[in-house]
Amino acid sequence: MFEKNRIITIANQKGGVGKTTTAINLATALAAIGERVLIVDLDPQGNASTGLGIERRERKISSYDLLMGYNSVAETALETAVPNLWIVPSTMDLLGFEMEISQSSDRAFKLRRALNTDEAQFYSYILLDCPPSFNLLTMNAMAAAHSVLVPLQCEFFALEGLSQLLETVDQVRRTINPALDIQGIVLTMFDARNNLAQQVVSDVRTYLGDKVYHTLIPRNVRVSEAPSYGKPAILYDLKCAGSQAYLQLASEVIQRERRRKAA
Ligand code: ADP
Ligand code: MG
């Protein structure tokens, strides 16, 4: 099958590791270099939607409606203030998805079906921002995606959670999506003054080698302030170290996609 777009799911079952921050800023960086990018917010918390300045009252049609097949991608995607970047926002409706759909035999494939359309080919990149658990929403994301991008916070328990995640990816490959790739692992909230963080980086690189991006995302106040202004860090403060790191990450992601296409 000829695929024009790339669907990347941003997943880690832990909360607070930088999934949403990575979704927003990687998407913005890709959009800035001319890619047409869509984020699908799959977390009922809706942090990606809020972080991109989408007000609650604008979220009349959401990722819930997309998953349920009530509305198409074009009907659910909202324009953001970032040129070339759209988002399918989320609402608390998503909390009901799992219960409503759990008896359905195609319950893991709702998102794949919604994104496997001509409309979805309008976007060159689709990033899926997952909730912090291995629930049916995350499974839908893994079933729909070409690859997984894993943000990993530079902390003591990082590797433990990672092995669980990699097992889940293997399980997904054996069952619902044999073609699922690992796009890469990005180390987030890195603090160079912290010896433990240095150790985590070196351990992760030893275990996972070139799966780990060269880019390290530093812990950066500007990055954490930006969502409260409804802006990606890259718009809020382009020069800060966090924004620069996300631009660098985007170029690594694109390079990997080019290499994959050439292979
Ligand atoms: P997740 O989506 O995995 O739960 P978030 O992206 O929401 O994680 O990040 C968790 C918290 O950490 C948020 O308050 C966010 O602003 C903050 N944060 C994320 N990345 C950075 C960073 N590089 N520097 C400083 N704070 C960050
Ligand atoms: Mg999040």
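What you see is a predicted model; the values in this text were computed from it and never measured.

Cut-offs applied
Residues numbered from 1 in each chain as written. Chains lettered and ligands numbered in written order. Predicted model: local features only at pLDDT ≥ 70, side-chain atom pairs only at ≥ 80, totals over all residues. Heavy atoms only, no water. 1 Å grid on protein atoms, 1.4 Å probe; cavity = no way out; pocket = protein on both sides within 12 Å on 5 of 7 lines; lining within 4 Å. Points joined across faces, edges and corners; volume = space filled by probe spheres on them. Helix = DSSP H or I, 4+ residues; strand = E, 2+ residues; numbered from the N terminus. Salt bridge = Lys/Arg side-chain N within 4 Å of Asp/Glu carboxyl O. Buried < 20%, exposed > 50% of the residue type's maximum accessible area, 1.4 Å probe, protein only. Contact = heavy atoms within 4.5 Å. Nonpolar A, V, L, I, M, F, W, Y, C, P; charged D, E, K, R; others polar. Phe/Tyr/Trp six-rings, centres within 6.5 Å; stacked < 30°, edge-to-face > 60°. Near = heavy atom within 4 Å. Polar contact = N/O pair within 3.5 Å; in protein donor to acceptor, adjacent residues only side chain to side chain. Areas by Shrake-Rupley, 256 points an atom, 1.4 Å probe, with all protein chains shown as cover. Sits in = over half its atoms within 2 Å of the grid points. Pairing = 2+ DSSP bridges. Axes fitted to C-alpha atoms, helices over the stretch in contact; angles between N-to-C directions.

Trainee: Outline the layout of surface pockets, supporting the account with residue identities and numerical values.
Mentor: Approximately 520 Å³ is the volume attributed to the largest pocket. If you trace the largest pocket, you find 29 residues lining it, with Gly-18, Lys-19, Thr-20, Thr-21 and Met-189 closest to the centre. Going through the elements one at a time, α1 (19–32), α2 (47–51), β7 (181–190), β8 (212–218) and α10 (221–225) are the ones with two or more residues in the lining of the largest pocket. No other element matches α1, which puts five residues into the lining of the largest pocket.

Trainee: Could you give an account of the pattern of salt bridges, with specific residues and numbers?
Mentor: Enumeration according to the criterion identifies nine salt bridges in this entry. Close ionic contact of Asp-191 with Arg-193 constitutes a salt bridge, the shortest N to O distance being 3.2 Å. Between Arg-222 and Glu-225 there is a salt bridge, with its nearest N and O atoms 3.0 Å apart. With Arg-222 and Glu-225 both in helix α10 and three residues apart, this pair spans about one turn of that helix.

Trainee: So, helix α7 (residues 136–144): which residues are in play, and what are the values?
Mentor: In terms of residue burial, α7 counts as a mostly covered element, since nine of its nine residues are buried. Within α7 the residues assigned to the buried category are Leu-136, Leu-137, Thr-138, Met-139, Asn-140, Ala-141, Met-142, Ala-143 and Ala-144. Buried residues along α7 sit in contact with β1 (6–10), α3 (63–68), α5 (94–101), α6 (110–115), β5 (125–129) and α8 (158–174).

Trainee: Lay out empty space enclosed by the protein in plain terms, naming residues and giving numbers.
Mentor: Inspection of the entire model under this criterion finds one cavity of 30 Å³ or more. Along its surface, the largest cavity is lined by Asn-12, Lys-14, Val-17, Leu-152, Gln-153, Glu-155, Ala-158, Gly-161 and Leu-162. Contributions of two or more residues to the lining of the largest cavity are made by β6 (147–153) and α8. The element that contributes the greatest number of residues to the lining of the largest cavity is α8, accounting for three residues. Partitioned by chemical class, the residues of the lining of the largest cavity number four nonpolar, three polar and two charged.

Trainee: Got a sec to walk through the packing of aromatic side chains? Specific residues and values, please.
Mentor: Applying the stated criterion across every chain, the model contains six aromatic pairs. Geometrically, the ring pair formed by Phe-156 and Phe-157 is edge-to-face, given 5.0 Å between the ring centres and 70 degrees between the ring planes. With a relative accessible area of 59%, Phe-156 lands in the exposed category. Members of the aromatic cluster, each reached through a chain of ring pairs, are Trp-86, Phe-122 and Tyr-123.

Trainee: Hey, could you go over the site of ligand 1 for me, with residue numbers and the actual values?
Mentor: As a matter of local geometry, ligand 1 sits amid 14 residues, with Gly-16, Thr-20, Thr-21, Pro-218 and Asn-220 nearest to it. At 2.9 Å, a backbone N or O of Pro-218 approaches a nitrogen atom of ligand 1. Here ligand 1, which alone exposes 560 Å², has 78% of that area covered by the protein. The cavity where ligand 1 resides is the largest pocket. At three residues, the largest contribution of residues to the shell around ligand 1 is made by α1. When the residues that make up the shell around ligand 1 are grouped by side-chain class, the tally is five nonpolar, seven polar and two charged.

Trainee: How would you explain the side chain of Thr-80 if you had to name every residue and give the values?
Mentor: Considering the arrangement of structural elements, one finds Thr-80 in the loop between β3 (78–79) and β4 (85–88). One polar contact links the side chain of Thr-80 to the main-chain amide nitrogen of Val-82, over a distance of 3.1 Å. Polar side-chain contacts of Thr-80 include one of 2.8 Å to the backbone oxygen of Leu-85. Setting aside chain neighbours within four positions, we find Thr-80 in contact with Leu-52, Leu-85, Trp-86 and Ile-87.

Trainee: An account of the pairing of strand β2 (residues 37–41) is requested, with residue identities and associated values reported.
Mentor: The buried fraction of β2 is high, at five of five residues. In β2, alternate side chains face the same way, and those of Val-37, Ile-39 and Asp-41 on one face and Leu-38 and Val-40 on the other are all buried. Of the pairings in the sheet, the one linking β2 to β4 comprises four bridges and is parallel in character. Each bridged residue has a counterpart across the sheet, and for Val-37 the counterpart in β4 is Leu-85.

Trainee: Give me the lowdown on unusual backbone geometry, citing residues and values where you can.
Mentor: A positive phi angle, close to 75 degrees, is found at Asn-84, a residue other than glycine. With respect to the helices and strands, the residue Asn-84 is situated in the loop between β3 and β4. One non-glycine residue, Met-189, adopts positive backbone phi at about 55 degrees. Among the structural elements, Met-189 can be located in strand β7.

Trainee: Give a detailed account of the sheet that holds β5, specifying residues and quantitative values.
Mentor: Here we have eight strands laid out as an open sheet, ordered β3-β4-β2-β5-β1-β6-β7-β8, and mixed in their pairing. Across the chains shown, the open sheet's two edge strands, defined by having one partner strand only, are β3 and β8. Bridging between β1 and β6 involves three bridges; their strand directions are parallel. Across the sheet, residue Ile-8 finds its bridge partner in β6, namely Ser-147. Sheet strands in contact with helix α12 (residues 241–262) are β1, β5, β6, β7 and β8, and its direction is about 165 degrees off that of β8.

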